[in-house]
Amino acid sequence: MNRTFEPTFHKKTKMIFANCALDSTISKANEPAESAELNPPNWPASVHIIDSTKSDKEIQDELDGLQEQPTIITSDMTSNQDLIGTKQFVPTEHFSSKRKVIFFEPREEPYKVDVQVGYYVQVAGLGASAKDVKFADNGAEKKKGPYCPAYFNTKLKGLTTLDTFWRSAENYSNLTKDGQLWAVSQAAPIRRIHTVNDLNLHDKGAPSSGGHLANVEVDGALVFGSQQQFCSRSVTVGDSGAINLGVWSNVFVDTVAPEGCLKTPAGWSGAQFGKDTHGKDLSLETRADNWRAADWSTGSVDKDGASTTVNVPKTTVEKCFVAMETVADDSKKYFLHVPQPRIRSGDSPSPLGADLSGTTDDRRPFENVYVALADAGEDIDYDVARKINIALRQGKDVVLSPGIYHLQESINIVKKDQVLLGIGMATLTAPPNGETCIRVATGTEGVRIGGIMFAASKINKGLFFSPKTTAFIEFGKEGVADAGNPSNPGVLSDIFCRVGGDLDREVSTDVMVRIHQGNVIGDNLWLWRADHVELAADESPNFPDMNLDYHQVVMGECPGKTGLEVNGDNVVIHGLAVEHTQEDQVVWNGNDGQVYFYQCELPYDVDQNFGAKNFVGFRVNGENHQLGGAGVYSNFRDYNVLVKTGIVHPKAFDSKVVINPFIVHLNNGGRIMTVVSDGSTFGGGPVYDKDHMICKYNPKAEDEKKHESEKEEMEENTMVRQTSWGWISEKLASPFRGSRPTSPTGIASQ
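Caption draft 1: Local environment of the environment of E37. On the secondary structure map, E37 appears in the segment before β1 (47–50). Accessibility expressed as a relative area gives 2% for E37, which makes it buried. Put simply, E37 and V371 are 334 residues apart on the chain and 8.4 Å apart in space, counted from C-alpha to C-alpha. One polar contact links E37 to K396, side chain to side chain, over a distance of 2.7 Å.

Structure follows, in structure tokens:
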């Protein structure tokens, strides 16, 4: 019998550092002896286990205390009669420091409850199979199970999901008659679920900017509605099911669906968000090379609907998850499930779709899983990274319980097949000396990192400190060859990085994620330099014409150079979004890479230097790279910036290599002049803006002359501010920030 005890390094120690990094060199003699961890663990208060023996009423009462509280909408908040008098959620927790996970124990009887999944909340079943935890209606009384609705926006005076971020729902079955409601945008995945009715990814047509679902089984309709872009990976749609396409672009990776299942919008008056559709004979097999044509000013829409990109990958790997089992003595034991890679054979493999059973998973008992504890309020544990590193050196896997971790040194993964899994939106704050949050040692194959948020820090000034956080994740070592293992790839699942958001606007990052190792798979990455941050107490919004709830980031705040840099070969990402960094958003140097689904917003706050230096949304320098379903958006709020192209790729005009790219002019001045470039020729792809979309075209000589003319105009451009009030308030708030060029005619409003 193994003797189990809680090691002494579980206890919190408050430490003070004088502008220096914690010495990460620890002699083996000073480390605690290796021992088995507790199973079940001593979960902290941020982990809420729903007891399967309780009544549904008791459970609902418990859940009501864990959820966000809705607000009654009044006539002074909106003129929308459909909303007045209703209860709606408002984004008061958008930059909350609270984190939590709500785990449901397996049971035969379905749970008959409503579970609103708010900011920084993960709701998950604890079954080995997604069908071990079920949610259903209570007889004639309708229930939702876990759900995410649209939020009420004070500026829009209506519902939106454009900033419904940082949450997740996983590992259960939804049996409710109304089906699964999951109206979200980035960093809000839904995974490993089965819904016997519809899966609605919008809420009454409220604006939605895109998201990610993976390993999902839908018996009814998969309805994208108002979603601009969406990535669906390893999804199975039942024989009687349907797929109702979204607005601009849908990407389907490893998706199994019946012939004729695609249904397309019937118009933009609202009918497109329901089931009044046409084109019912369309199928995924016939939509791999589809372009959409539309004119938003007249409301007409091509019957073929959104651009659709289809991919059947060689390998997919599901995210790791926590499960609980009742053993022979009726005690409850926890296991870390590590799904094995699913590798398809042949040159033309068939899609496999969802796998919800868990029967082939590697089950790792929690006796060998270290549960890390985050900071508790103002009691900051500056020693937490050292404790995690000790556990990793002992060969243990690590689960980060919900909370915020203030790292003082890098977390180092040095053994193959180790798992570092965050639950409940666990957040790693970068070390204040500029060190990387997580390093994966060269030659360390099969490492799994998932379910983690990363936050930038304000870097301490000093001779030996980096001026910025070098990276949140460094997979491998720069300049060191590491091919990885295609049969045992490294995996990044649900990785959400952000530079800015909280009150400190001096946080910074160089490159958010660097991948040097080959054969790494990414599955849902959102790498975000903030475009908006939390308002300080009594601070007024600097752009009240745009948003009343946040401060809009301006030049000099929250600097970040690039979202993703890939140097390894055979790196594959399914679901990538990078936004607002100040140079190239993505730089891909490795060979034989693949990205299916890419969403990008260029920074709002840059000046014409961004265009003059030819920064782009996605830059490929490597060979034999495939890019499918990529959209690059512009919203140059502060200056009339002209960017020559959205995507640079050596095979930019090969539609079998760069599939369905597009650009969007969201708002304000300036624009992206072309969709793609191979470095010498510019053009391609459909172009969306507020009024119309131009279909795919092949650049001609006159187009090149036009681009050269626009380039000269760009270089002479006088940079006019979008909003005079925003410029004035920024100047008053930041008198020591360098001056900016303005129009010779004064500050104008466009």
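That was the structure; now back to the text.
Caption draft 2: Representation of the sheet that holds strand β27 (residues 332–338) within the structure. The antiparallel open sheet is built from three strands, whose spatial order is β26-β27-β29. The open sheet has two edge strands, β26 (321–326) and β29 (362–365), and neither has a second partner. Averaged over neighbouring strand pairs, the angle between their axes works out to 40° when direction is ignored.

Caption draft 3: Looking closely at the pairing of β27. Across the seven residues of β27, five count as buried, placing the element largely inside the fold. One ladder, built from six bridges, connects β26 with β27; its direction is antiparallel. In the strand pairing of β27, T326 is matched with K332. With antiparallel pairing between neighbouring strands as the criterion, β26 and β27 make up a hairpin whose turn holds five residues, including D330 at a positive phi of roughly 65°. As paired elements, β27 and β29 share four bridges and run antiparallel to each other. Its bridge partner lying in β29, V338 is registered against D362.

Caption draft 4: Expanded view of the side chain of N547. Among the structural elements, N547 can be located in the loop between β42 (532–533) and β43 (551–552). Judged by relative accessible area, which is 11%, N547 ranks as buried. When residues no more than four places from it in sequence are discounted, the contact partners of N547 are N153, K155, P541 and Q552.

Caption draft 5: The arrangement of helix α2 (residues 384–393) in detail. Burial runs high along α2: nine of the 10 residues are buried. The secondary structure elements touched by the buried residues of α2 are β30 (369–372), β31 (397–400), β32 (404–406) and β33 (411–413). Of the residues one or two after α2, G395 is the one with positive phi, at around 90°.

Caption draft 6: Spotlight on the nonpolar core. Counting 94 residues, the largest nonpolar core has L576 and Y598 as its most contacted members. The next biggest cluster of nonpolar side chains, apart from the first, holds 39 residues, and it includes Y172, A188, I193 and L222.

Caption draft 7: View of the pattern of salt bridges. Considering all chains together, one arrives at 33 salt bridges under this definition. Here E170 and K319 are joined by a salt bridge, their closest N and O atoms 2.9 Å apart. Here the residue E170 occupies a position in strand β11 (residues 167–174), and K319 occupies one in the loop between β25 (315–316) and β26, the gap between them amounting to 149 residues. Like E170, the residue K319 is buried in the burial classification. Linking K387 and D381 is a salt bridge whose minimum nitrogen-to-oxygen distance equals 2.9 Å. Here K387 matches D381 in class, with each residue buried. Connected through shared salt-bridge partners, E170, R191, R233, E318, K319, D494 and D523 make up one network.

Caption draft 8: Inspection of the side chain of Q60 at higher detail. Note that Q60 resides in helix α1 (residues 56–64). Here Q60 falls in the buried class, since its relative accessible area comes to 13%. Looking at Q60, its side chain comes within polar contact range of the main-chain nitrogen of D114, at 2.8 Å. The contacts of Q60, once residues within four sequence positions are left out, are Q67, V113, D114 and K143.

Caption draft 9: Summary view of the sheet that holds strand β51 (residues 647–648). Pairing is mixed across the open sheet formed by 10 strands, whose spatial order is β33-β36-β38-β40-β44-β46-β48-β51-β55-β56. In the strand order of this sheet, the two ends are held by β33 and β56 (682–683), each with one partner. In terms of strand pairing, strand β36 (residues 438–440) meets strand β38 (residues 473–475) through three bridges, oriented parallel. Residue pairing in the sheet places R439 in a bridge with E474 of β38.

What counts and what doesn't
- Residues numbered from 1 in each chain as written.
- Predicted model: local features only at pLDDT ≥ 70, side-chain atom pairs only at ≥ 80, totals over all residues.
- Heavy atoms only, no water.
- Helix = DSSP H or I, 4+ residues; strand = E, 2+ residues; numbered from the N terminus.
- Buried < 20%, exposed > 50% of the residue type's maximum accessible area, 1.4 Å probe, protein only.
- Polar contact = N/O pair within 3.5 Å; in protein donor to acceptor, adjacent residues only side chain to side chain.
- Pairing = 2+ DSSP bridges.
- Axes fitted to C-alpha atoms, helices over the stretch in contact; angles between N-to-C directions.
- Contact = heavy atoms within 4.5 Å.
- Core = buried A, V, L, I, M, F, W, Y, C linked by side-chain atoms within 4.5 Å.
- Salt bridge = Lys/Arg side-chain N within 4 Å of Asp/Glu carboxyl O.

Spatial relationships are all this shows, so hold off on functional conclusions.
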